[in-house]
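Reading the structure
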Amino acid sequence: MKSAVETLNPTRVRLSIEVPFEELKDSLDAAYKKINQQVTVKGFRKGKIPARVIDQRFGRGAVLEEAVNDALPKFYTEAVNEAEIDVLGQPEVDITELKDGETLNFTAEVDVRPAIEIPDFSGIEVEVDAVEVTDEDIDKSVEQLRERFASTSPVERAAEDGDVVTIDLEAKVDGEILEDGVASGVSYTVGSGELLEGIDDAVKGLEAGGEATFTSELKGGSAAGQAAEVTVKVTQVAARELPELDDDFAQLASEFDTLEELKADSRKRLENMKQYDQATQAQERVLEKLLELVEVPVPEKLLEDEINTRKHNLEHHQLGQMGLDLEKYLEIQGKTAEEFDAETKEAAVKGIKTQFVLDELVKQEKLNVNQEELTEHLMRRAASSNMSPDQFAQAVVEGGQVPLLVGEVARGKALAVVVEKATVKDTNGEVIDLDDEEEADEATTETPEPEAETTTEAETEKTEG
């Protein structure tokens with residue numbers, strides 16, 4: 001076999017491959033054997049039909065076609081390995097010449113990973129939000145905890161904001177009661193806006209036994225997205241009573257003995273959260289700066305596939321779970337189809353460039369992934385997929401996705417290298433050393449994953465079921 005490579009553009013090549021006919025012998029033998037098992041000829045036992053009889057009865061062309069189909073993947077792979085090119089996706093194969101007994105010539109056009117030169121990135125500087133926890137932040141945190149321990153007691157008055165009402169609901173579309181549009185004994189906090197648009201105005205001012213009718217667009221169910229006439233009946237009004245903010249509350253709501261200890265713990269937790277957010281922000285901004293430094297051509301077919309995968313996952317998974325279609329989603333987002341397409345393309349381009357650049361850094365920095373790092377990553381991915389680690393691991397192995405996860409971890413480590421060499425300052429002008437923060441260390445392995453996964457959403461979808 002002889003092969004030659006022609007570069008069509010920075011992301012696509014054409015392989016021209018010549019195969020001497022004698023190298024097709026194994027594939028020809030396999031073709032005759034396969035046809036032997038599929039056909040019957042009077043006077044011959046199944047599987048014992050001579051080659052010349054098969055040629056006479058079914059045509060030499062059918063045998064050659066079967067043999068070539070069997071041989072092409074092998075010779076294509078040999079040519080790719082010989083040329084040492086990093087192919088992306090499936091090739092477009094064209095048989096240019098097939099002479100029985102002489103030669104097989106074919107071409108294969110395929111996208112390839114572009115050559116990328118990573119410049120010196122040690123001069124990258126970014127600014128992030130300062131970690132500042134105010135007394136107001138602590139008060140808000142404690143108040144949220146206080147809300148969780150609120151009690152309710154029935155009252156004989158009209159419902160007000162903050163009250164918890166027990167209600168019965170009935171929804172009609174075109175005058176017909178929906179089968180899944182009736183609910184009884186629903187508990188609802190007035191003013192939360194969590195149930196249906198318009199329900200807060202409807203129930204406010206109603207006492208137990210009162211009812212009102214309003215029109216609202218249904219968020220889910222059989223008539224999701226349709227306008228419905230909803231009747232709400234209040235069966236009970238209960239006032240919420242918050243516990244006093246004192247040491248007794250601290251002992252009730254936490255492991256601390258005093259309110260001051262509870263507040264101190266809230267301050268520490270808020271600082272940790274903001275440090276984590278700061279580290280995440282640093283990575284995102286360092287990555288943006290890095291991408292600005294590198295020229296990365298994007299293969300057209302790969303980009304097209306990635307855009308289609310993103311749209312499919314949004315429409316058939318994320319929106320489907322919310323009872324929405326793309327048209328309704330765009331209406332809620334206040335976007336046109338053109339704006340959505342442009343944003344999807346921009347995100348896909350960024351994701352592909354990110355993966356190419358970080359993969360090149362993995363090679364340049366000679367980064368490896370050990371078993372402990374892979375296991376930790378698998379545990380996080382399992383949690384985000386609502387699967388047990390064992391279930392997720394089994395799905396990964398069965399789907400042949402272990403290299404995918406290894407790549408995600410490696411890209412996370414590559415980005416961590418860049419962040420470590422970058423200068424990160426907060427809005428107060430203070431230089432931030434992320435290595436001193438345990439939360440930042442966790443972020444450097446977690447944060448890059450969404451970007452690193454962007455070119456493999458279809459594979460990720462298979463892994464997760």
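Residues numbered from 1 in each chain as written. Predicted model: local features only at pLDDT ≥ 70, side-chain atom pairs only at ≥ 80, totals over all residues. Heavy atoms only, no water.

What the rule picks out here adds up to one aromatic pair. Here the aromatic rings of Phe149 and Phe249 are separated by 6.3 Å at their centres, their planes lie at 90°, and the arrangement is edge-to-face. Taken together, the positions of Phe149 in the loop between α4 (135-148) and β6 (151-154) and Phe249 in helix α6 (residues 247-253) put the pair 100 residues apart, joining distant regions of the chain. Its relative accessible area of 2% is what places Phe249 among the buried residues. (Phe/Tyr/Trp six-rings, centres within 6.5 Å; stacked < 30°, edge-to-face > 60°. Helix = DSSP H or I, 4+ residues; strand = E, 2+ residues; numbered from the N terminus. Buried < 20%, exposed > 50% of the residue type's maximum accessible area, 1.4 Å probe, protein only.)

Turning our eyes to something else, we now look at the pairing of strand β5 (residues 125-128). What you see with β5 is a clean split: Val126 and Val128 sit on the buried side and Glu125 and Glu127 on the side with no burial. Bridge count between β5 and strand β11 (residues 423-426): four bridges; the pairing is parallel. Bridge pairing in β11 links Val128 to Asp426. (Pairing = 2+ DSSP bridges.)

The next subject is unusual backbone geometry. Within the chain, Asp174 stands out as a residue other than glycine whose phi angle is a positive 55°. Among the structural elements, Asp174 can be located in the loop between β7 (164-173) and β8 (176-189). Backbone geometry places Asn386, a non-glycine residue, at a positive phi of 55°. The residue Asn386 is located in the loop between α11 (371-384) and α12 (389-398) in this model. Of the residues examined, Asn386 reaches a relative accessible area of 74% and is grouped as exposed.

Before going further, it helps to spend a moment on a nonpolar patch on the surface. On the surface, a nonpolar cluster with roughly 220 Å² of combined accessible area is contributed by Val93, Ile95 and Leu98. One can find Leu98 in strand β3 (residues 87-99). (Patch = residues over 30% accessible without salt bridge, like charges linked within 9 Å, V, L, I, M, F, W, Y side chains within 5 Å. Areas by Shrake-Rupley, 256 points an atom, 1.4 Å probe, with all protein chains shown as cover. Salt bridge = Lys/Arg side-chain N within 4 Å of Asp/Glu carboxyl O.)

This paragraph deals with the UniProt feature "domain: PPIase FKBP-type" (unreviewed entry) in the chain. Within this numbering scheme, the UniProt entry marks residues 162-215 as carrying the feature "domain: PPIase FKBP-type" (unreviewed entry). With 9% helix and 54% strand, residues 162-215 has end C-alpha atoms that lie 23 Å from one another. (UniProt positions renumbered as here; feature names shortened; annotations may be inferred.)

For the rest of this paragraph, the subject is a negative patch on the surface. A cluster of acidic residues, Asp247, Asp248, Asp257, Glu260 and Glu261, forms a negative patch on the protein surface. Listed by contribution, the elements that provide at least two residues to the negative patch are α6 and α7 (259-293). Its location among the elements puts Glu261 in helix α7. (Lys, Arg positive; Asp, Glu negative; His and termini not counted. Charge placed at Lys NZ, Arg CZ, Asp CG, Glu CD.)

Turning our attention to the sheet that holds strand β1 (residues 2-9). Overall, antiparallel pairing links the four strands, which are arranged β1-β2-β4-β3 in an open sheet. Each end of this open sheet is capped by a strand with a single partner; those strands are β1 and β3. Neighbour-to-neighbour, the strand axes of this sheet turn through a mean angle of 20°, independent of strand direction. Here strand β2 (residues 12-20) pairs with strand β4 (residues 103-112) via nine bridges, running antiparallel. When the sheet's bridge partners are listed, Val13 is paired in β4 with Val110. Strands in contact with helix α3 (residues 60-83) are β1, β2, β3 and β4; relative to β3, the strand with the most contacts, it is inclined by about 125°. (Axes fitted to C-alpha atoms, helices over the stretch in contact; angles between N-to-C directions. Contact = heavy atoms within 4.5 Å.)

A separate point is the nonpolar core. Phe121, Ile124, Leu290 and Leu361 are the most contacted members of the largest nonpolar core, which has 36 residues in total. Of all the secondary-structure elements, those providing two or more residues to this core are β5, α7, α8 (300-322), α10 (337-364) and α13 (402-421). At seven residues, α10 tops the list of elements feeding residues into this core. If you look at the next biggest cluster of nonpolar residues, it comprises 30 residues, including Ile17, Phe21, Ala71 and Phe75. (Core = buried A, V, L, I, M, F, W, Y, C linked by side-chain atoms within 4.5 Å.)

So, about the pattern of salt bridges. Applying the stated criterion across every chain, the model contains 31 salt bridges. Each of Glu6, Arg12, Arg14, Glu92, Glu109 and Asp111 takes part in salt bridges that share partners, so that together they form one network.

On to the packing of helix α1 (residues 25-38) against helix α2 (residues 51-58), then. Where α1 contacts α2, the two axes come as close as 11 Å, and the packing angle between them is 70°. Here α1 lies roughly perpendicular to α2, going by the angle between them. Two packed elements cross with a definite hand, and for α1 against α2 that hand is left-handed. For the pair α1 and α2, contact is made by Tyr32, Ile35 and Asn36 and by Ala51, Ile54 and Asp55, respectively. (Parallel < 35°, antiparallel > 145°, perpendicular 65-115°, else oblique. Left-handed = near helix turned anticlockwise from the far one by under 90°.)

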